[in-house]
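Observations on chain architecture
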Amino acid sequence: MSLETFYYDNRIVRNFSFAAVFWGAIGMLVGLIIAIQLYVPDLNLDLPWLTYGRIRALHTNAVIFAFVGNAMFAGVYYSLQRLLKTRMFSDVLSNIHFWGWQFIIVLAAITLPLGITSSKEYAELEWPIDIAITIIWVVFGWNMFGSILKTREKHLYVAIWFYIATFVTVAVLHIVNNLEIPVSLFKSYSVFAGVQDALVQWWYGHNAVAFFLTTPILGLMYYFVPKAANRPVYSYRLSIIHFWALIFLYIWAGPHHLLYTSLPDWAQSLGTVFSIMLIAPSWGGMINGLLTLRGVWDKVREDAVLKFFVVAITAYGMSTFEGPMLSLKNVNAIAHYTDWIPAHVHIGTLGWNGFLIFGMFYWIIPRIYQTKIYSKKLANIHFWIGTLGIIFWALPMYWAGFTQSLMWKEFTADGYLAYGNFLETVTQIIPMYITRSFGGLLYLIGVFIMIFNMRKTVKNADLLSNEAAEAPALVSEDITKSHKGEHWHRWIERRPIQMLVFSLLAILVGTLIELIPTMVIKDNVPTIASVKPYTPLELEGRDLYIREGCNACHSQMIRPFRSETERYGEYSKAGEFVYDHPHLWGSKRTGPDLHRIGKKYTHAWHFNHMYDPTMTSPGSIMPRYQWLFKDDLDVSLTEKKIVAMQKLGVPYDKGFEKEAVQNLQLQAKEIADELKIQLQDPVTEIDENKEIIALIAYMQRLGTDIKKEK
Amino acid sequence: MGVLYILVVISLILAIGFLLTFIWFIKSGQMEDDYTPSIRILFENNTNQKKNKL
């Protein structure tokens, strides 16, 4: 048995770490800006690319994929090499992975504020970027599996299992949810429509939380918590059970995002059942993490790293208890669409993800720089200010959620809505919005303290780019032996795990190509005869609605409760959404639901409201959309859009695409003429070519088809 | 709701994939030893010469 010397690549760990901190600070700053915009709408300075609807997606994408993503890769590259006793498979792949990922983030940071979005939450990026993500993700997987093949250890430590599950599942989710038909380089339509699109979206959305924000972080927890505590994990057996139970259950929980919607009941119940079962493995993991600290609690008192870990794991426990509770239909009926949900999410992201990552960086950075942290005191201050930040963030939002939901559902003794004007329920919670943004500010200050501390730590230290280590080579009877000189696919045959992954991907691609076009298109046969496709003008208006991110604050899904049918009108039916590529149900009601907004107000009302919401609704926190009144509607893609819709099975007449623009102009003229009469204002100029006309056309169409039937 | 079948099929493929991996893990002895792996990761057998290569 000969001892081999090899070198761990610390440079790539450093790169990913710094990138995570850099993008994290930016993503959180954007978060703070949108939090303040909720009570100072003018903060967008009337600039489209600074407006809530657009940059909310920038915030979520930046913190999920840029902050947690880069941090995850930093932690994986650090721990994987040490767990496998090998250098990463290829430095070239490591660098392609790093720079490719940063390039994608830059593209996201440019396109999202420009309104280039698919509108699907956490999958907003348009199709060329989706393809780039797929390629870079495969590079990551290739590098990881290549390293696993070079292992000098017989056993794969449980953290690696979490990394593998992350890679496989995220790949599948990303591809399925982003199946779309391109119209141009910057515009595409989801191949799924309405209910189906919503289901795919939340199957993805929930698993993005599960396999991007949970499993990789758990892998990191199983490595870094024992290392920082210098104690073995409480129960390795429990970690095995935790892993397998978690990945089996998570895939099925998605429909709990669609309770009381038009999704078939049995699918809703399936989601609920699996969500409840998830408590068991989640809490198994939490207990395992916390009990790892048995006997070293005295260290927690001084060590900021362990403090961060303790709060992170506790937050994980809280949010994985709350999640299943929110999946109960009776609890969900209260919480859904309110600020309770962002509160729940931020316990997970600020607490679990953020704190585990901060702790990890305080541990890794001094080590790869062969030094001590510049200031333990500042690290502790970061911990306390961050913890306060989480509390100030979450508590007001829970309060706001309860308050608003109760107000929405309150009836007077005579049976009328007690707060018939939605705006009353918004102005009521503005103090909570203010407090929440203070919490966000504290958390962000903590991050800047960390950046200062890190900067000082590395300033006079040298990065140990290639850290030497020694380990014996694996002996030949191991299944993991090297196979020099053998046929190239031997390694796959001897490595069932790789074979599984590749066959899985192969099967999936086949299934997708076979099934999706036929099933999805056949399925969109209308069940309600009066529901018709959108006119070209309405379709363009809908694309403006998507561009401006209206669905970030407005739902289009009325649940079958009396409090909702009284307020908004008839509850939403699955058959009404068959031409909605993509669906725009939304997940949050910062403003009222819009599914039955059509014909409820005059064109003039919408015209004034979009120009300055406070004109029609004093105290409104909606931003002004005055650029819609200045910019001409771009009709250069209208024909192509109709063709794309036809491909997706939307029954426009043959040859209609040729008349689409003409049809659009006719309807625009009609609306502009009606608008002139309604406004009775000789001063205001109405130009039928402006974007606002298309948006009004779409708004006036919403939810009206069903009324024609009667 | 054809998409349900697609999602169920994909989810099942994933789940079956995980199941087969699970069975293989058991057979290959990945789960025989449920103690030493947790200890092993605590030892860094780095060489004493912690210097940069090149």
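Nothing here was measured: the structure is a model prediction, and the numbers come from that model.

**As for the overall build of chain B**
Looking only at helices and strands, chain B features two helices and zero strands. Buried residues in chain B amount to 44% of all 54 residues.

**Focus on the nonpolar core**
All names here are of chain A. Grouped together as the largest cluster of nonpolar side chains are 240 residues, with contacts concentrated most on Trp101, Trp352, Phe358 and Phe361. For this core, the element with the highest residue contribution is helix 2 (residues 52-84), accounting for 20 residues. Not counting the four nearest positions on each side in its chain, Phe361 is found in contact with Ser17, Ala20, Val21, Ala71, Ala74, Pro366 and Met454.

**A look at helix 1 (residues 11-37) of chain A**
Here helix 1 of chain A spans 39 Å end to end across 27 residues, near enough to the 39 Å set by a 1.5 Å rise per residue. Helix 1 of chain A sits mainly inside the fold: 20 of its 27 residues count as buried.

**Regarding the packing of aromatic side chains**
Residue and element names in this part refer to chain A. Evaluated as defined, the whole model comprises 59 aromatic pairs over all chains. Pairing Tyr260 with Phe561 gives two aromatic rings, centres 4.7 Å apart and planes at 65°, and the pair type is edge-to-face. Of this pair, Tyr260 sits in the loop between helix 8 (236-250) and helix 9 (265-277) while Phe561 is found in the loop between helix 20 (536-547) and helix 21 (562-568), placing the two residues 301 residues apart along the sequence. Between Phe355 and Tyr443 the ring centres are 6.1 Å apart and the planes differ by 20°, which places this aromatic pair in the stacked class. Of this pair, Phe355 sits in helix 14 (residues 340-368) while Tyr443 sits in helix 17 (residues 430-459), and the two are 88 residues apart along the sequence. Residue classification places Phe355 among the buried positions, given a relative accessible area of 0%. Cluster of aromatic residues (ring-pair linked, three or more members): Phe16, Phe65, Phe73, Tyr77, Phe98, Trp99, Trp101, Trp137, Phe140, Phe145, Phe167 and Phe212. Sitting over the ring of Tyr571, Lys573 keeps its end group 3.8 Å from the ring centre. Its end group placed over the ring of Tyr337, Arg589 keeps NZ or CZ at 3.9 Å from the ring centre.

**Regarding helix 8 of chain A**
Each turn of an α-helix holds 3.6 residues, which means side chains three or four residues apart point in the same direction. In this model, helix 8 of chain A (15 residues) spans 21 Å end to end at C-alpha, consistent with the 21 Å of a helix rising 1.5 Å per residue. Along helix 8 of chain A, the residues classified as buried are A:Tyr236, A:Ser239, A:Ile240, A:His242, A:Phe243, A:Trp244, A:Leu246, A:Ile247, A:Leu249 and A:Tyr250.

**Quick word on the pairing of strand 4 (residues 466-472) of chain A**
Each regular strand shows side chains that alternate between the opposite faces of the sheet. Residue and element names in this part refer to chain A. With five of its seven residues buried, strand 4 lies for the most part within the structure. Sheet analysis places strand 1 (residues 3-9) next to strand 4, joined by seven bridges and oriented antiparallel. Paired with Tyr8 across the strands is Glu467, a residue of strand 4.

**Some details on the pattern of salt bridges**
All names here are of chain A. Scanning the model with the defined rule gives 31 salt bridges over all chains in all. A salt bridge links Lys187 to Asp543; the nearest nitrogen and oxygen atoms lie 3.2 Å apart. With Lys187 in strand 3 (residues 187-190) and Asp543 in helix 20, this residue pair connects regions lying 356 residues apart in the sequence. By the burial criterion, Lys187 is buried, and Asp543 matches it. A salt bridge links Asp673 to Lys669; its shortest N-O distance comes to 3.2 Å. With Asp673 and Lys669 both in helix 26 (residues 656-679) and four residues apart, this pair spans about one turn of that helix. The exposure class of Lys669 is partly exposed, given its relative accessible area of 38%. Each of Arg54, Arg547, Glu548 and Glu691 takes part in one network of salt bridges that share partners.

**Overview of the side chain of A:Thr215**
All names here are of chain A. Relative to the assigned elements, Thr215 resides in helix 7 (residues 215-229). Polar contacts involving the side chain of Thr215 include one to the main-chain carbonyl oxygen of Phe211, which spans 3.5 Å. Leaving out residues up to four positions away in the same chain, Thr215 has contacts with Phe162, Thr166, Ala210, Leu246 and Ile247.

**Section: the confidence of the model for chain A**
Averaged over every residue, the pLDDT of chain A is 91; residues scoring 70 or more account for 92%. Under a pLDDT of 50 for its full length, residues 477-484 of chain A has, in the predicted model, twelve contacts with residues more than four places off or in other chains.

**Some thoughts on the environment of A:Asp634**
All names here are of chain A. Within the secondary structure, Asp634 is located in the loop between helix 24 (627-630) and helix 25 (638-647). Take Asp634: its relative accessible area is 48%, and that puts it in the partly exposed class. A distance of 2.7 Å separates polar atoms of two side chains, one belonging to Asp634 and the other to Ser636.

The rules behind the values
Residues numbered from 1 in each chain as written. Chains lettered and ligands numbered in written order. Predicted model: local features only at pLDDT ≥ 70, side-chain atom pairs only at ≥ 80, totals over all residues. Heavy atoms only, no water. Helix = DSSP H or I, 4+ residues; strand = E, 2+ residues; numbered from the N terminus. Buried < 20%, exposed > 50% of the residue type's maximum accessible area, 1.4 Å probe, protein only. Core = buried A, V, L, I, M, F, W, Y, C linked by side-chain atoms within 4.5 Å. Contact = heavy atoms within 4.5 Å. Expected span 1.5 Å × (residues − 1). Phe/Tyr/Trp six-rings, centres within 6.5 Å; stacked < 30°, edge-to-face > 60°. Lys NZ or Arg CZ within 6 Å of the ring centre and 35° of its normal. Pairing = 2+ DSSP bridges. Salt bridge = Lys/Arg side-chain N within 4 Å of Asp/Glu carboxyl O. Polar contact = N/O pair within 3.5 Å; in protein donor to acceptor, adjacent residues only side chain to side chain. pLDDT = per-residue confidence, 0-100.

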